[in-house]
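Overview (structure and organization)
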Amino acid sequence: MKLLSVKEIAGLEADGRQVTVKGWVRTKRAVKSAVFLEVNDGSRLSNLQCVFESPEGEMAEELAKAGTGASVAVEGILIPSPAAGQRFEVRASSCRVIGEAPADSYPLQKKAHSMEFLREIAHLRPRTNTFGAVARVRNRMAFAIHEFLQAKGFNYIHTPLITASDAEGAGAMFQVTTLDLDRLAKSGGSVDYSKDFFGKPAYLTVSGQLNVETYCQALSRVYTFGPTFRAENSNTSRHLSEFWMIEPEVAFAELSDNMELAEDFLKHLVRTALCDCAEDLAFFDERIQSGLIESLKAVLDKPFAHMTYTEAMAILEQSASAFEVKPYWGLDLQSEHEKFLCEKIAGGPLFLTDYPKEIKSFYMKQNADGKTVRAMDLLVPRFGEIIGGSEREERLDLLEKRILELGLNLDAYGWYLDLRRFGTTPHSGFGLGFERLMLYVTGMANIRDVIPFPRAPRLADF
Ligand code: 4AD
Ligand code: MG
């Protein structure tokens, strides 16, 4: 017989049919002569309750071994449940323990564990309600991203992870090398990169944007979705050293088109989470972030707010005493400023546009004022920036000048500049941080808890 998941069993009629359930025991209770096993296989949040009436002999021996965390196979019939809160249960006729989980050493006993403790056992935490729900929502969101963009005619481009170009020009890159660093250090000489694996310095990419722009200038609507790496020393609940990013790029699109796409995209993802992950979101609402579902629904109802950086700064300056870092024109907004603007002023997601060029990347289109660029960040309550994007500088002379002004190496960007030399177009794109999206739809507080194995400064376990 084909093995059904708990989720599949939940779709059946509780008409006394025979079923086999395989999963892990969440709890075991004895009530009078009966034993109740709550079995979970991760296919959904809820467990399947399996009831053993008066177990004896061999079955009683097996049940004695079926403690929290043990893997089991249970056979029985599916019947309507007399208990509140569940439609059906399994009246079990047999139980086989596949793998025991001794109570004195299994770390996940039936009690509330702190997120910090669970991070230390990241290999076992998917077996908790919270991390099971995070994994299912993450899976659904990844698929919804492709669904949305594919339906709009975007081509998925696989951009490289190893690169010689600094896509953001910020220098926060991890170096990739096969040189023997110990020997080099001892020799005291300078590094000869012609002897390195790629014959020159190479790095893990901070963004797929520059590479995806090349395909944009041929296929018009493209995106990349993959891991990106940042060697910034940011030890916060919003930063990872390895995170996933979705970067759509559209030819002939201006900043307003870019923002429209970003808004439709985020709303689609929120709608999908509400619709297809209802059980998991209800759990997050109840246990993690009260009011989550209400606030996500509210996002769907009204258009996102828009403001220029300069307008936002004027508002922030009026409330300067509310902040640790004093706001002034030219400051790169801190998360406290971003949160203030969303929560206190916009009451929801907010697009900020036209940032000072000094705090944004070299490739952004320069405005006629000589001071600002056609950038847009989408800010949301609770943690601030979820999307960063811009219209790109398509004018060769201005782009070259900006690269030189910033002290970046013009030769290294030769291929990127070719896109402006040959058939240049106005074009725009953005990056949605996948884990920031996960914080948004789950209400989880720390970005390290929405990716299976977080990488952050001094943290690369598992
Ligand atoms: O604003 P960022 O740095 O923009 C880019 O990388 C552009 N190349 C995107 C583009 O225009 N194609 O990053 C984009 C998004 C941020 O808004 C944030 O959601 C996320 O990526 N992000 C991070 N997420 C987790 N940890 C970090 N260290 C992050 N840095 C950025
Ligand atoms: Mg940004």
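It should be noted that the structure appears before, not after, this text.
First things first, this report covers the structure right here in the doc. (Residues numbered from 1 in each chain as written. Chains lettered and ligands numbered in written order. Predicted model: local features only at pLDDT ≥ 70, side-chain atom pairs only at ≥ 80, totals over all residues. Heavy atoms only, no water.)

A word on the overall build of the protein. Helices and strands together make up the secondary structure of the protein, namely 14 helices and 16 strands. Counting only contacts in the protein whose residues sit at least 6 apart along the sequence, the fraction spanning at least 24 positions is 66%. Computed over 53 positive and 63 negative side-chain charges, the inter-centroid distance for the protein is 3 Å. (Helix = DSSP H or I, 4+ residues; strand = E, 2+ residues; numbered from the N terminus. Contact = heavy atoms within 4.5 Å. Lys, Arg positive; Asp, Glu negative; His and termini not counted. Charge placed at Lys NZ, Arg CZ, Asp CG, Glu CD.)

On to a negative patch on the surface, then. Residues E254, D257, E260 and D264 make up a contiguous surface patch of negative charge. Of note, E254 is situated in the loop between β11 (242-251) and α7 (255-276). (Patch = residues over 30% accessible without salt bridge, like charges linked within 9 Å, V, L, I, M, F, W, Y side chains within 5 Å. Areas by Shrake-Rupley, 256 points an atom, 1.4 Å probe, with all protein chains shown as cover. Salt bridge = Lys/Arg side-chain N within 4 Å of Asp/Glu carboxyl O.)

The environment of ligand 1 is made up of 24 residues, and the closest members are E168, Q209, E247, E385 and I386. Separating a nitrogen atom of ligand 1 from a side-chain N or O atom of Y363 is a distance of 3.5 Å. Side-chain polar atom of E385 to an oxygen atom of ligand 1: 2.6 Å apart, as the coordinates give it. Coverage of ligand 1 by the protein amounts to 93% of the 620 Å² it exposes when considered alone. The set of elements that each furnish at least two residues to the shell around ligand 1 consists of β11, β15 (384-391) and β16 (427-433). For the shell around ligand 1, the leading source of residues is β15, giving five residues. Classifying every residue of the shell around ligand 1 by side-chain character gives eight nonpolar, eight polar and eight charged. (Near = heavy atom within 4 Å. Polar contact = N/O pair within 3.5 Å; in protein donor to acceptor, adjacent residues only side chain to side chain. Nonpolar A, V, L, I, M, F, W, Y, C, P; charged D, E, K, R; others polar.)

Quick look at the pairing of β15 now. The buried fraction of β15 amounts to six of the eight residues, a majority that puts the element mostly inside the structure. Where strand β14 (residues 372-380) lies against β15, six bridges are found, and the strand directions are antiparallel. Following the sheet pairing, L379 is matched in β15 by E385. The antiparallel hairpin formed by β14 and β15 contains three residues in its connecting segment, where R382 sits at a positive phi of about 80°. The sheet contact formed by β15 and β16 spans five bridges and is antiparallel. By the bridge assignment for β16, G389 is matched with F430. (Buried < 20%, exposed > 50% of the residue type's maximum accessible area, 1.4 Å probe, protein only. Pairing = 2+ DSSP bridges.)

Looking at where A460 falls in the secondary structure, it is placed in the segment after α14 (434-442). For A460, a relative accessible area of 57% corresponds to the exposed category.

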